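Summary of the model geometry
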Amino acid sequence: MDTLQAIILGIVQGITEFLPVSSSGHLQIAKELLGVQIEENLTFDVTLHAATVLSTLAVLHAEVRRLLGGMFSRRFNAEQAYVLKLALSMIPIGIVGFALKDRIDALLNAPWILAVVGAMLLLTAALLAFAYYAKPRQKEIISYRDAFIIGVAQACAAMPGLSRSGTTIATGLLLGNEKAAVAQFSFLMVLAPILGETFLEICSGELTSGIAAGPLLAGFLAAFVTGCAACRFMLEIVKRGRLIWFAIYCAAAGAVSIISYAL
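Residues numbered from 1 in each chain as written. Predicted model: local features only at pLDDT ≥ 70, side-chain atom pairs only at ≥ 80, totals over all residues. Heavy atoms only, no water.

**What to know about the overall build of the chain**
Quick reminder of the rule: Only runs of H or I of at least four residues qualify as helices and only runs of E of at least two qualify as strands under DSSP, and these elements are numbered from the N terminus. Computation of the radius of gyration draws on C-alpha atoms, with the globule rule given as 2.2 Å multiplied by the number of residues to the power 0.38. Each residue is placed in one exposure class: buried if its accessible area under a 1.4 Å probe, protein chains only, is under 20% of its type's maximum, exposed if it is over 50%, and partly exposed if it falls in between. Throughout, a contact is declared for two residues whenever any of their heavy atoms are within 4.5 Å. Here the Shrake-Rupley method, with its probe set to 1.4 Å, supplies the accessible areas, and only the displayed protein chains count as covering residues. Under this rule, positive means Lys or Arg and negative means Asp or Glu; His and the chain ends count for nothing. The location of each charge is read from NZ of Lys, CZ of Arg, CG of Asp or CD of Glu.
Counting its secondary structure elements, the chain contains 12 helices and zero strands. In the chain, the order of α-helices and β-strands from amino to carboxyl end is α-α-α-α-α-α-α-α-α-α-α-α. Relative to the 2.2 N^0.38 estimate, which gives 18 Å for 263 residues, the radius of gyration of the chain is 18 Å and therefore close to what a compact globule would have. Its C-alpha atoms give the chain principal-axis dimensions of about 55 × 40 × 35 Å. Looking at the 263 residues of the chain, the share that counts as buried comes to 51%. In the chain, of all internal contacts separated by at least 6 residues, the share reaching a separation of at least 24 is 80%. A total accessible area of about 12,300 Å² is found for the chain, and carbon and sulfur atoms account for 68% of it. Counting 18 positive and 17 negative side-chain charges, the chain places the averaged centre of each group 15 Å from the other.

**Some remarks on the packing of helix 6 (residues 113-133) against helix 12 (residues 244-262)**
This is how the line gets drawn: Inter-axis angles, ranging from 0 to 180 degrees, are taken between N-to-C directions of lines fitted to C-alpha atoms, where helices are fitted over the stretch in contact. An angle below 35 degrees is read as roughly parallel, one above 145 as roughly antiparallel, one from 65 to 115 as roughly perpendicular, and any other as oblique. Here a crossing is taken to be left-handed if its near helix is turned anticlockwise relative to the far helix by less than a right angle, and right-handed if that turn runs clockwise. Each residue gets one label: Ala, Val, Leu, Ile, Met, Phe, Trp, Tyr, Cys and Pro are nonpolar, Asp, Glu, Lys and Arg are charged, and the others, such as Gly, are polar.
Relative orientation of the contacting elements helix 6 and helix 12 amounts to 160 degrees, with a least axis distance of 7 Å. By the angle between their directions, the pair helix 6 and helix 12 is classed as roughly antiparallel. Here helix 6 runs over helix 12; the crossing is left-handed. Partitioned by chemical class, the residues of the contact of helix 6 with helix 12 number 20 nonpolar, five polar and no charged.

**Considerations on the side chain of Thr226**
Put simply, the test is: Polar contact criterion, stated in full: a pair of N or O atoms within 3.5 Å, where within protein one must be able to donate a hydrogen and the other to accept it, and residues adjacent in sequence count only if both atoms are side-chain atoms.
Tracing the backbone through its elements, the reader meets Thr226 in helix 11 (residues 213-240). Classification of Thr226 by relative accessible area gives buried; the value is 17%. A polar contact is formed between the side chain of Thr226 and the backbone oxygen of Ala223, at a distance of 3.4 Å. If near-sequence neighbours (up to four positions away) are discounted, Thr226 is found in contact with Gly10, Ile11, Gly14 and Ile15.

**Looking at the confidence of the model for the chain**
For the record, the criterion: Per residue, pLDDT captures the predictor's confidence, and it can take any value from 0 to 100.
Mean pLDDT over the chain stands at 84; residues scoring 70 or higher make up 92%. When pLDDT is averaged over each element of the chain, helix 7 (residues 144-156) comes out on top at 94 and helix 10 (residues 191-204) at the bottom at 70.

**Let's talk about the packing of helix 1 (residues 3-18) against helix 2 (residues 23-34)**
As a packed pair, helix 1 and helix 2 sit with axes 9 Å apart at the nearest point and diverge in direction by 155 degrees. Relative to helix 2, the element helix 1 is oriented roughly antiparallel. For the pair helix 1 and helix 2, the sense of crossing is right-handed. Facing helix 1, whose interface residues are Gln5, Ile8, Leu9, Val12, Gln13, Thr16 and Glu17, helix 2 presents Ser23, His26, Leu27, Ala30, Lys31 and Leu34. In the contact of helix 1 with helix 2, the residues fall into six nonpolar, five polar and two charged.

**Brief notes about the nonpolar core**
It is characteristic of soluble globular proteins that their nonpolar side chains tend to be buried jointly. Our working definition: By nonpolar core is meant a set of buried Ala, Val, Leu, Ile, Met, Phe, Trp, Tyr and Cys residues that side-chain atoms within 4.5 Å join together.
In this structure, Leu86, Phe185, Leu188, Met234, Leu243 and Phe246 are the most contacted members of the largest nonpolar core, which totals 52 residues. A per-element tally of this core places helix 6 first, with eight residues. Contacts of Met234, omitting those with residues within four sequence positions, involve Phe18, Leu19, Pro20, Ile169, Phe187, Leu243 and Phe246. Of all hydrophobic cores here, the second largest spans 12 residues; its members include Leu9, Leu27, Val36 and Phe44.

**Quick look at the packing of aromatic side chains**
The condition is simple: Between 30 and 60 degrees the pair is tilted, below 30 it is stacked and above 60 it is edge-to-face, where a pair is any two Phe, Tyr or Trp rings, Trp via its six-membered ring, whose centres lie within 6.5 Å.
Summed over the entire model, instances satisfying the criterion amount to three aromatic pairs. Pairing Phe18 with Phe187 gives two aromatic rings, centres 5.1 Å apart and planes at 90 degrees, and the pair type is edge-to-face. A residue pair is termed long-range when its members are at least 10 positions apart, and Phe18 in helix 1 and Phe187 in helix 9 (residues 179-188) qualify at 169 residues. Residue Phe18 is classed as buried on the basis of its relative accessible area of 2%.

**Focus: helix 5 (residues 78-108)**
Rules: Throughout, bend refers to the angle between the axes fitted to the seven residues that end at a position and the seven residues that start at it.
At Leu100, helix 5 shows its strongest bend, of approximately 70 degrees. The opening residue of helix 5 is Asn77, an N-cap whose side-chain oxygen sits 3.2 Å from the backbone nitrogen of Glu79.

**Some thoughts on the pattern of salt bridges**
Here is the rule we go by: Put simply, a salt bridge is a Lys or Arg side-chain nitrogen that is within 4 Å of an Asp or Glu carboxyl oxygen.
The tally for this structure, following the rule as stated, stands at five salt bridges. For the salt bridge of Glu17 with Arg164, the shortest nitrogen-to-oxygen distance reads 4.0 Å. Of this pair, Glu17 sits in helix 1 while Arg164 sits in helix 8 (residues 164-174), and the two are 147 residues apart along the sequence. With a shortest N-O distance of 2.4 Å, Arg66 and Glu63 are connected by a salt bridge. Here Arg66 and its partner Glu63 are both found in helix 4 (residues 61-71), three residues apart, which amounts to about one turn of the helix. Classification of Glu63 as buried rests on a relative accessible area of 14%. Within this structure, Glu63, Arg66 and Glu79 form a network of salt bridges that share partners.

Structure (structure tokens):
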């Protein structure tokens, strides 16, 4: 992989991480189109995810500061309750990460990956469309039960092509939660899992395996810059309830991906 390819992939990751169109799916499609062959797909993908995590912190820094400040209060408060809900939502993806990491990495290198991505994009489209047309009551505060269910949805989105943000936001909306609250919760709940996975990769000494440091850094910076813009954009889009356009896009992208594999 050269630097230009890494930048292109970083831009793809940064834009699609927050939009409900599956960053992992688009990353695999982009790799196929660019003819990129990486020995350790997951290492590069985790690096790009770490960049978008930092972009989340940059965009939601005020909320993160508020939560961190409230955690040290002696009295149980709303901030501590919110952090507990975030922790609860992370349990399913933690289990999937430890139990299925090797299988997911193997799937990313499978010859039929485009077919898998296409099928999952179609499923993402169905979820987004269902959430758009459903009209449940709007709850301003996400409950512990809903936090865990949204966490299960995030764990399912470990499948390449199934949008993490799309799945978690759609699930939260179908459970009757307020749009802005669901979007913010969706973006914050992924912080610890991605940072934890990145830390494990660093400790293993394999973070740059299969790719040079230069392209890795270029991809990281590209993902961070575009991620900041996409995060702000998506927060506004969810508030306005215009997810149906992303459903249409995912359906079209899924069909193209499946057809490309068949040809």
